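Listed here are the chains, written in short residue letters.
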Amino acid sequence: MRDLGAGFRYLLKGQKWVGRHGRQYGFGLLPGVITLVLYAGALVALALWGSGLIDWATPFADDWADPLAGLFRGLLTAVLFALALLLCVLTFTAMTLLVGQPFYESLSERVDRDVSPDGTAPESDLPPWRELWISARDSLRIVARAAVWAVLLFALGFVPVAGQTVVPVIGLFVTGFFLTEELTAVALQRRGVEVRERLALLRSRKTLVWGFGTPLALAFLVPFVAVFLMPGAVAGATLMARDLTGEETQDGDGAAKRQEGVNAP
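All of these numbers come straight from a predicted model, not from anything done at the bench. (Residues numbered from 1 in each chain as written. Predicted model: local features only at pLDDT ≥ 70, side-chain atom pairs only at ≥ 80, totals over all residues. Heavy atoms only, no water.)

Our focus in this paragraph is the packing of aromatic side chains. For the coordinates displayed, the defined rule picks out 5 aromatic pairs. Ring centres of Trp-64 and Phe-72 lie 5.0 Å apart, and the angle between their planes is 50°; this geometry places the pair in the tilted category. When its relative accessible area of 31% is taken as the criterion, Trp-64 is described as partly exposed. Residue classification places Phe-72 among the partly exposed positions, given a relative accessible area of 25%. Cluster of aromatic residues (ring-pair linked, three or more members): Phe-60, Trp-64 and Phe-72. (Phe/Tyr/Trp six-rings, centres within 6.5 Å; stacked < 30°, edge-to-face > 60°. Buried < 20%, exposed > 50% of the residue type's maximum accessible area, 1.4 Å probe, protein only.)

This is how it looks when you write it as structure tokens:
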């Protein structure tokens, strides 16, 4: 329970940090706005032409008696849109981080320097194109994992009672975990921590991850909120990455302290 509260505090600390650094916050908004526009356009297109796609994919229903064919295709259209919406929530962070990697790399480094006792930040020795490639590759891996979970949870949603009570709660925790992985990747990738190591590191502190990611996942369900919370989420994830790797962090009084209960990779 202690880690659960610590994770939530990192989320709040990240929002406070960008609140004190208005210029960094402004730059951090741009990738989220771009991604939101792209996703909104895709969902609008699906809403307009989704029924036609379902009609094309179910020619066997052409000979069914009315209203069975209409009900069946209407249900499939609703399922398709709901699944697309869920995937948008699960992949929004990954896509935003990919679009805004230079912005968020700069923001994360600023956070590291601000809270580091010696005023330095870990830096990657890789060229920018290589970092972008690794980020895109790792994001695809995480998105693939998230998509598997999305399909599984969506299928379990049809189970009576549990599908309407337990499954949505599990879905929030799963989404929170993947959100945290993507957000901490900005700081951990600079430290040379590969995706498998990151996942193992996060699994070793699940309650910390859930405390950070689950409230964020819940907030991201509200339209447009994700855009405004993303810069602070990156800042908070950087602070949490320092905790996960056991690095000293300077508190508000200028004193250096090592986070307790860390599991360094």
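The next thing to look at is the pattern of salt bridges. Where side chains of opposite charge bring their charged atoms close, a pairing between them can arise. Following the criterion strictly, the structure yields 10 salt bridges and no others. Across the pair Arg-205 and Asp-243 runs a salt bridge whose closest N-O atoms are separated by 3.5 Å. In this pair, Arg-205 is assigned in the loop between α7 (195-203) and α8 (206-220) and Asp-243 in helix α9 (residues 225-244), connecting sequence segments 38 residues apart. Judged by relative accessible area, Arg-205 falls into the buried class, the value being 4%. In the salt-bridge network here, residues are joined through shared partners; they are Glu-105, Asp-112, Arg-190, Arg-191, Arg-242 and Glu-247. (Salt bridge = Lys/Arg side-chain N within 4 Å of Asp/Glu carboxyl O. Helix = DSSP H or I, 4+ residues; strand = E, 2+ residues; numbered from the N terminus.)

Gaps between atoms show up when a probe of the same size as a water molecule is rolled over them. In this model, the largest pocket occupies a volume close to 790 Å³. Around the largest pocket sit 32 residues that line it, and Leu-85, Leu-86, Cys-88, Val-89 and Leu-221 are the ones nearest its centre. For the lining of the largest pocket, a count of residues per class yields 28 nonpolar, 4 polar and no charged. (1 Å grid on protein atoms, 1.4 Å probe; cavity = no way out; pocket = protein on both sides within 12 Å on 5 of 7 lines; lining within 4 Å. Points joined across faces, edges and corners; volume = space filled by probe spheres on them. Nonpolar A, V, L, I, M, F, W, Y, C, P; charged D, E, K, R; others polar.)

Another aspect to go through is the packing of α8 against α9. Helices that pack against each other are described as a pair by the angle of their axes relative to one another and the distance between those axes. Running from N to C, α8 and α9 cross one another at 175°; their axes reach a closest spacing of 11 Å. Our classification of the angle between α8 and α9 gives roughly antiparallel. Judged by residue contacts, Leu-208, Phe-212, Leu-216, Ala-219 and Phe-220 of α8 engage Val-225, Ala-226, Leu-229, Met-230, Ala-233, Gly-236, Ala-237, Met-240, Asp-243 and Leu-244 from α9. (Axes fitted to C-alpha atoms, helices over the stretch in contact; angles between N-to-C directions. Parallel < 35°, antiparallel > 145°, perpendicular 65-115°, else oblique. Contact = heavy atoms within 4.5 Å.)

The next thing to look at is the environment of Ala-219. Tracing the sequence through the fold places Ala-219 in helix α8. Taking the C-alpha atoms as reference points, Ala-219 and Leu-229, separated by 10 residues in sequence, lie 8.7 Å from one another.

This part is about a positive patch on the surface. Taken together, Arg-9, Lys-13, Lys-16 and Arg-20 make up a surface patch of like positive charges. Here Lys-13 is to be found in helix α1 (residues 2-20). Residue classification places Lys-13 among the partly exposed residues on the basis of a relative accessible area of 41%. (Patch = residues over 30% accessible without salt bridge, like charges linked within 9 Å, V, L, I, M, F, W, Y side chains within 5 Å. Areas by Shrake-Rupley, 256 points an atom, 1.4 Å probe, with all protein chains shown as cover. Lys, Arg positive; Asp, Glu negative; His and termini not counted. Charge placed at Lys NZ, Arg CZ, Asp CG, Glu CD.)

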